[in-house]
Amino acid sequence: MHLTTATTCCYCGVGCGVLIEHDGEKVLGVKGDPAHPANFGKLCSKGATLHLTGDLAARALHPELRLGKALPRARTNWDSALDHAASVFAETIREHGPDSVAFYISGQLLTEDYYAFNKLARALVGTNNIDSNSRLCMSSAVVGYKRSLGADAPPCNYEDLEHSDCVLIVGSNMAFAHPVLFRRLEEAKAKRPDMKIIVVDPRRTDTCELADLHLAIQPGTDVALFHGILHILMWEGWLDRRFIEAHTEGFDALKTLVRDYTPQMVAELCGIPVEQLYSCAQWIGQAPSFLSLWCMGLNQSTAGSAKNSALINLHLATGQIGRVGAGPFSLTGQPNAMGGRETGSLCNLLPGHREAANAEHRAEVAHYWGVDSLPESPGLTAIELFDAVHAGKIKALWIACTNPAQSLPDQNKIHEALSACPFVVVQEAFFTTETCRFADLLLPAASWGEKEGTVTNSERRISHVRRAVPAPAEARPDWAITVDFARRLEQLLRPGLPSLFDFDQPQALFDEYKQLTAQRDLDLSGLSYAILDTQGPQQWPFPAGAREGTARLYGNGVFPSASGRASFIAEPYRAPKEKRDVRFPLTLNTGRLRDHWHGMSRTGTAAQLFGHVEEAVLSLHPEELRRRRLQAGDLVKLKSRRGSLVLPVQSDEGVRSGQVFLPMHWGNRFLKGLGCNVLTLPAFDPLSKQPELKHAGVEVQKVELPWQLFALVEGEVQTRFEALRPLCESFDYASLGLVGRERPALLIRAAATEAPAPELLAQIDRLLGLHEGPVLAYDDPRRAVGKRVRIEQGRITAIRLAGETAARDWLKGLWLSGETDADLRRWLLAPITTPPGSAGASTPGNKTLCNCMNVSEGAVCAGIARGLGLQDLKQTLGCGTQCGSCVPEIKRLLAQLPAVANA
Ligand SMILES: Nc1nc2c(c(=O)[nH]1)N[C@H]1C(S)=C(S)[C@@H](COP(=O)(O)OP(=O)(O)OC[C@H]3O[C@@H](n4cnc5c(=O)[nH]c(N)nc54)[C@H](O)[C@@H]3O)O[C@H]1N2
Ligand SMILES: Nc1nc2c(c(=O)[nH]1)N[C@H]1C(S)=C(S)[C@@H](COP(=O)(O)OP(=O)(O)OC[C@H]3O[C@@H](n4cnc5c(=O)[nH]c(N)nc54)[C@H](O)[C@@H]3O)O[C@H]1N2
Ligand code: SF4
Ligand SMILES: [Mo]
């Protein structure tokens with residue numbers, strides 16, 4: 001039996017349509033949905049590999065409960081689990097009041113899930129303590145849109161990327177984070193080479209491969225840049241005075257402010273040539289249509305709200321909004337961060353773009369829900385919420401679909417808070433996350449392909465998310481868990497009253513929710529599951545009686561503010577919170593990789609995705625490496641005011657001197673330590689309360705860890721991982737990951753000041769299957785050096801090098817190729833550690849560059865050395881011909897390598 005179910009991708013905010021191929025029980029494959037207007041059949045490297053992720057061995061399968069912090073969790077059933085949770089919540093609320101409990105949820109929930117949680121917190125518990133990871137993600141954009149335009153509504157449409165004459169990409173690495181949209185922009189640029197693309201990013205990212213101009217500004221200086229651009233627009237008369245006059249307010253105050261932002265001053269502050277600033281302003285000012293795209297480089301900042309509004313100022317001053325190819329277009333991160341905003345799932349919001357602080361709004365929602373009132377006391381935002389947990393004020397915490405023990409800043413504090421909180425519920429699809437370790441009650445959630453509901457993507461388009469296969473074991477959809485819990489809590493808090501949670505299907509939640517949007521800016525009350533099924537995904541507003549959605553907003557110049565006008569916001573530039581100083585002279589920038597998703601609970605189960613970047617590595621400019629006498633591959637201690645991490649460094653010309661870059665994906669699971677966010681700071685923007693995850697003061701110091709370990713083992717990777725991970729705590733540095741494609745393997749690298757106890761090594765060997773059977777071994781206990789390789793049917797299946805690991809890349813290459821030779825056997829039995837011949841040179845090469853066609857970086861480099869161009873490489877190797885996610889990287893290699901080859 002071969003079935004196809006149309007649904008959406010569970011990763012980024014592009015919101016691509018996915019066709020799941022399945023047999024009613026198991027997902028067999030995925031394809032892009034040609035009928036979905038977000039992607040027209042395309043998928044990126046993450047979307048195209050969805051069926052390879054989500055290893056059952058990593059899934060949470062049964063409810064688990066522990067009745068004391070020192071006890072292990074034990075399997076229980078849903079009834080006991082939810083009854084227990086309801087009684088703890090009810091007791092806590094009775095004893096300490098409704099604000100002693102909190103819900104921390106996620107931009108990856110479906111709209112129906114959100115709505116259930118929100119009603120639970122506000123109407124039943126009576127608290128505004130419900131916030132989500134969107135606080136770390138989109139909340140500055142929310143403030144930006146609301147302050148400048150009157151409502152939280154991205155006015156644009158994906159088609160605008162095709163029609164714009166000038167696209168400004170600020171603080172967004174779309175090539176990695178929104179790849180399918182980036183493909184659309186690449187195609188548009190290929191068709192209309194005159195279209196100008198400007199990228200503003202302190203780093204030279206893959207996104208810059210498409211740019212006509214890259215402004216590598218100093219971290220956090222965006223507000224100064226935007227004011228500097230406006231200064232030039234004013235000076236040159238590149239303004240739309242008619243639009244300013246007719247549709248805006250506040251221009252005079254802004255004019256006064258930006259007078260001081262002279263080109264010279266701004267260029268110096270931003271660290272860019274004044275000519276670049278001028279070109280940027282000119283292209284914006286003279287373009288028939290101007291579109292801006294932005295993401296975390298603006299939002300994750302103590303000046304996030306100011307950055308958003310200063311960018312929108314440019315659109316208002318030039319009248320570039322409400323028209324084809326024009327407008328301020330924030331790219332949403334998570335697949336349904338938009339749905340969270342719409343349903344009011346941040347502590348300061350209420351459903352239908354309402355405000356929790358607005359008495360009228362509270363009364364409207366209370367009336368609709370049939371309760372007396374909604375809570376008045378302000379709720380806690382993510383950082384404040386975990387502070388309150390730390391301070392013991394929150395005594396019962398419900399976490400759903402997010403991994404705060406990895407993703408929030410200042411992890412030492414978060415881990416302390418979670419250990420001390422009396423009752424932590426974690427509603428998760430994967431039991432493997434850092435946060436699950438703190439769960440007193442773990443509730444297994446259905447995940448992608450297993451649940452139904454709706455999501456809204458970056459362009460306000462709502463899609464019907466459909467279930468293809470049943471959830472594994474006892475896992476249940478989030479809305480169902482929440483509703484079931486709420487019904488039990490109702491029995492305790494308001495016995496005898498009619499239920500507020502009479503929902504038996506997600507559609508019932510949607511139908512109740514949508515009426516709360518009627519007459520509001522986002523009015524989607526005309527939508528239904530039936531319409532989505534017959535007419536396909538639709539953009540809001542879609543009011544009752546409408547026949548189709550709304551492609552663009554504000555075409556008539558009327559804004560959803562009190563005056564009907566948009567507002568210029570005049571706020572001066574403020575520097576990031578942590579200034580560089582002698583102790584912490586570097587700025588730590590953090591962000592995304594192409595093939596990993598956040599804490600890697602899903603992508604970290606697929607060797608194919610890990611293959612692109614196997615381990616956490618800190619990138620520094622070659623100059624910074626030289627200054628510290630560091631070489632690529634050296635281990636360093638990376639230290640901030642809050643914590644430290646040990647990891648290797650690499651040289652990267654794309655990172656400017658004075659800065660370093662670390663991917664955000666590694667937490668405590670795949671790397672020893674508390675991950676990237678042990679370093680970051682909890683300081684947040686005064687309005688959006690979004691933390692400054694992109695600029696922390698740090699320093700790096702070389703560490704000498706002469707004893708090294710390298711291990712690789714094929715098969716049962718999840719189970720082996722769970723067994724081996726705790727042993728890695730004994731080393732000073734340890735990194736774990738997956739490699740390979742057809743034959744996934746677990747990869748471990750570790751280092752220590754001295755050799756560990758022989759028993760530990762023996763234990764590791766046992767778990768690697770290197771203690772018996774067809775194993776070739778050489779041990780030199782005097783030098784604490786040892787090597788073991790398991791060879792089955794002529795192929796290497798496990799490797800362990802201890803003491804020295806100079807041969808690791810050579811051995812890994814042999815493993816990948818599936819070949820063994822006489823050299824290997826001779827080498828294995830001799831007291832040498834370096835590999836034979838020249839094989840030891842640490843050549844790049846093994847890394848997978850093109851996931852779809854399995855092409856390594858080495859093969860691409862060899863092709864370039866033979867004189868092949870992009871088209872030839874595509875033709876001969878096949879790389880870049882499927883999803884296209886690797887094309888920017890190939891272009892970068894092409895730009896770098898000829899020089900090397902000719903030298
Ligand atoms: N592959 C992948 N894709 C994803 C995700 C993922 O985990 N993996 N996550 C999704 C989510 S939730 C989100 S929020 C988005 C994030 O998408 P993006 O925001 O595009 O990704 P980031 O890498 O976090 O940051 C973008 C860029 O901001 C730059 N930056 C840092 N500081 C500054 C600054 O002061 N000014 C400017 N102008 N730029 C700065 C960084 O150098 C970085 O290149 O990605 C979504 N898509
Ligand atoms: N240093 C640094 N830190 C950052 C960022 C950064 O750029 N730099 N970015 C921030 C941003 S923008 C974001 S959005 C956050 C993301 O941070 P998190 O929200 O912590 O990231 P995820 O790993 O995506 O967490 C989602 C969890 O939900 C689980 N899950 C998947 N599907 C389901 C489901 O259907 N139901 C349930 N209940 N669970 C499910 C997954 O296994 C996963 O553990 O990280 C933030 N942290
Ligand atoms: S761009 Fe990639 S990750 Fe984002 S929704 Fe589309 S397929 Fe999924
Ligand atoms: Mo995000």
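Residues numbered from 1 in each chain as written. Chains lettered and ligands numbered in written order. Predicted model: local features only at pLDDT ≥ 70, side-chain atom pairs only at ≥ 80, totals over all residues. Heavy atoms only, no water.

As recorded by an unreviewed UniProt entry, the protein carries the name nitrate reductase (cytochrome) and is attributed to Pseudomonas cavernicola. What the UniProt record of the protein gives under Function (unreviewed entry) is the line "Catalytic subunit of the periplasmic nitrate reductase complex NapAB. Receives electrons from NapB and catalyzes the reduction of nitrate to nitrite." As its UniProt record puts it under Catalytic activity (unreviewed entry), the protein is described as follows: "2 Fe(II)-[cytochrome] + nitrate + 2 H(+) = 2 Fe(III)-[cytochrome] + nitrite + H2O". (UniProt positions renumbered as here; feature names shortened; annotations may be inferred.)

1. Structural notes on the overall build of the protein
Scanning the protein for helices and strands turns up 30 helices and 36 strands. Expected size for 903 residues packed as a compact globule is a radius of gyration near 29 Å; at 27 Å, the protein falls within 12% of this value. The C-alpha extent of the protein, read off along each of the three principal axes, is 80 × 70 × 60 Å. For the protein, with 903 residues in total, the buried portion stands at 64%. Contacts spanning at least 24 positions in sequence make up 72% of the contacts within the protein whose residues lie at least 6 apart. With an accessible surface of roughly 31500 Å², the protein has 51% of that area assigned to carbon and sulfur atoms. Here the protein contributes 94 positive and 99 negative side-chain charges, whose respective centroids are spaced 3 Å apart. (Helix = DSSP H or I, 4+ residues; strand = E, 2+ residues; numbered from the N terminus. Rg over C-alpha atoms; globule rule 2.2 N^0.38 Å. Buried < 20%, exposed > 50% of the residue type's maximum accessible area, 1.4 Å probe, protein only. Contact = heavy atoms within 4.5 Å. Areas by Shrake-Rupley, 256 points an atom, 1.4 Å probe, with all protein chains shown as cover. Lys, Arg positive; Asp, Glu negative; His and termini not counted. Charge placed at Lys NZ, Arg CZ, Asp CG, Glu CD.)

2. Topic: the site of ligand 3
Around ligand 3 sit C9, Y11, C12, V14, G15, C16, L43, C44, K46, G47, P179 and V180, and that is every residue in its neighbourhood. Its residues assigned to classes, the shell around ligand 3 shows nine nonpolar, two polar and one charged. (Near = heavy atom within 4 Å. Nonpolar A, V, L, I, M, F, W, Y, C, P; charged D, E, K, R; others polar.)

3. Concerning the sheet that holds strand β13 (residues 327-330)
With parallel pairing, five strands are arranged side by side in an open sheet as β10-β9-β8-β12-β13. Among the strands making up the open sheet, the edge pair consists of β10 (213-215) and β13. Direction aside, neighbouring strands of the sheet carry axes that sit 15 degrees apart on average. Pairing geometry for strand β12 (residues 290-294) and β13, over four bridges, is parallel. The residue bridging L291 from the neighbouring strand is G327, located in β13. (Pairing = 2+ DSSP bridges. Axes fitted to C-alpha atoms, helices over the stretch in contact; angles between N-to-C directions.)

4. A closer look at the sheet that holds strand β2 (residues 17-22)
Two modes of strand pairing occur in sheets, parallel and antiparallel, and in both the strands are linked by backbone hydrogen bonds. Taken in spatial order, the three strands make up an open sheet running β1-β2-β3, and their pairing is antiparallel. Of all the strands in the sheet, just β1 (3-8) and β3 (27-32) have a single pairing partner and so form its edges. On average, each strand axis in the sheet is inclined to that of its neighbour by 30 degrees, with strand direction left out of account. Where β1 meets β2, six bridges bridge the pair, whose relative direction is antiparallel. Paired with T8 across the strands is G17, a residue of β2.

5. Brief notes about the pattern of salt bridges
One pass over the full model with this rule turns up 55 salt bridges. Its salt-bridge partner being E512, residue K119 comes within 2.8 Å of it at the nearest N-O pair. Of the two residues, K119 is situated in helix α2 (residues 111-125) and E512 in helix α20 (residues 506-514); the sequence distance between them amounts to 393 residues. For the pair formed by K119 and E512, the shared burial category is buried. Among the salt bridges present, the one from E889 reaches R594, with a minimum N-O distance of 3.8 Å. Taken together, the residues E889 in helix α30 (residues 887-902) and R594 in the loop between β23 (586-591) and α22 (607-610) connect sequence positions 295 residues apart. For E889, a relative accessible area of 4% corresponds to the buried category. Here the salt bridges do not stand alone but share partners, grouping E623, E624, R626, R627, R628 and E699 into one network. (Salt bridge = Lys/Arg side-chain N within 4 Å of Asp/Glu carboxyl O.)

6. Topic: helix α13 (residues 304-318)
The terminal C-alpha atoms of α13 lie 22 Å apart, and with 15 residues this matches the ideal 21 Å at 1.5 Å per residue to within 8%. The buried fraction of α13 amounts to 15 of the 15 residues, a majority that puts the element mostly inside the structure. Downstream of α13 by a residue or two, G319 has a phi angle that is positive, lying close to 65 degrees. (Expected span 1.5 Å × (residues − 1).)

7. Quick look at the domain arrangement of the protein
For the protein, the assigned domains are domain 1 (3-53), domain 2 (64-135 + 336-507), domain 3 (139-330), domain 4 (586-702), domain 5 (707-842) and domain 6 (845-901). Its C-alpha centre places domain 5 at a distance of 29 Å from the equivalent point of domain 6. Each partner contributes to the interface: domain 5 provides six residues, whereas domain 6 provides five residues. Together domain 5 and domain 6 conceal approximately 370 Å² of surface at their shared face, both sides included; 35% is due to carbon and sulfur atoms. Considering only the side of domain 5, the residues that lose the most area to domain 6 are R741, K812 and L816, jointly responsible for 81% of the buried surface there. Here domain 5 is connected to domain 6 by zero salt bridges. At the surface where domain 5 touches domain 6, the tally comes to two residue pairs in polar contact (both at pLDDT 80 or more). (Domains from an automatic or database assignment. Buried area = accessible area lost by both parts, 1.4 Å probe. Polar contact = N/O pair within 3.5 Å; in protein donor to acceptor, adjacent residues only side chain to side chain.)

8. Things to note about the site of ligand 1
Surveying the vicinity of ligand 1 reveals 34 residues, the closest of which are D201, G220, D222, R592 and H596. The contact in question runs from an oxygen atom of ligand 1 to an N or O atom on the backbone of N173, over 2.7 Å. Protein chains bury 99% of the 900 Å² of accessible surface belonging to ligand 1 in isolation. Elements that contribute at least two residues to the shell around ligand 1 include exactly α5 (174-177), α12 (296-299) and β23. A breakdown of the residues in the shell around ligand 1 according to their chemical character gives twelve nonpolar, 14 polar and eight charged. Each of two domains, domain 3 (139-330) and domain 4 (586-702), supplies a minimum of three residues to the shell around ligand 1.

9. Thoughts on the packing of helix α1 (residues 78-96) against helix α19 (residues 478-493)
Between α1 and α19, whose axes approach to 9 Å, the crossing angle comes to 50 degrees. Here α19 runs oblique to α1, going by the angle between their axes. In this structure, the crossing between α1 and α19 has a hand that is right-handed. Counting all contacts with α1, which are made through W78, D79, L82, D83, A85, A86, S87, F89, A90, I93 and R94, the residues of α19 involved are I481, D484, F485, R488, L489, L492 and L493. Considered class by class, the residues forming the contact of α1 with α19 number twelve nonpolar, one polar and five charged. (Parallel < 35°, antiparallel > 145°, perpendicular 65-115°, else oblique. Left-handed = near helix turned anticlockwise from the far one by under 90°.)

10. A look at the pairing of strand β29 (residues 707-714)
Within β29, seven of the eight residues are buried, which leaves the element mostly enclosed by the surrounding structure. Two elements, β29 and strand β31 (residues 745-752), share eight bridges in a ladder whose sense is antiparallel. Considered in β31, the bridge of V713 is made with L746. As paired strands, β29 and strand β34 (residues 795-803) are joined by six bridges and run antiparallel to one another. When the bridges of β34 are listed, A711 appears paired with R800.

11. Side note on the pairing of strand β16 (residues 396-400)
Within β16, five of the five residues are buried, leaving the element largely enclosed by the surrounding structure. Burial of β16 is two-sided: the residues A396, W398 and A400 facing one way and the residues L397 and I399 facing the other way are all buried. Where strand β6 (residues 101-105) and β16 come together, four bridges link them in parallel fashion. Bridging from a neighbouring strand, Y104 pairs with I399 of β16. Where β16 and strand β17 (residues 423-428) come together, five bridges link them in parallel fashion. Considered in β17, the bridge of L397 is made with V424.

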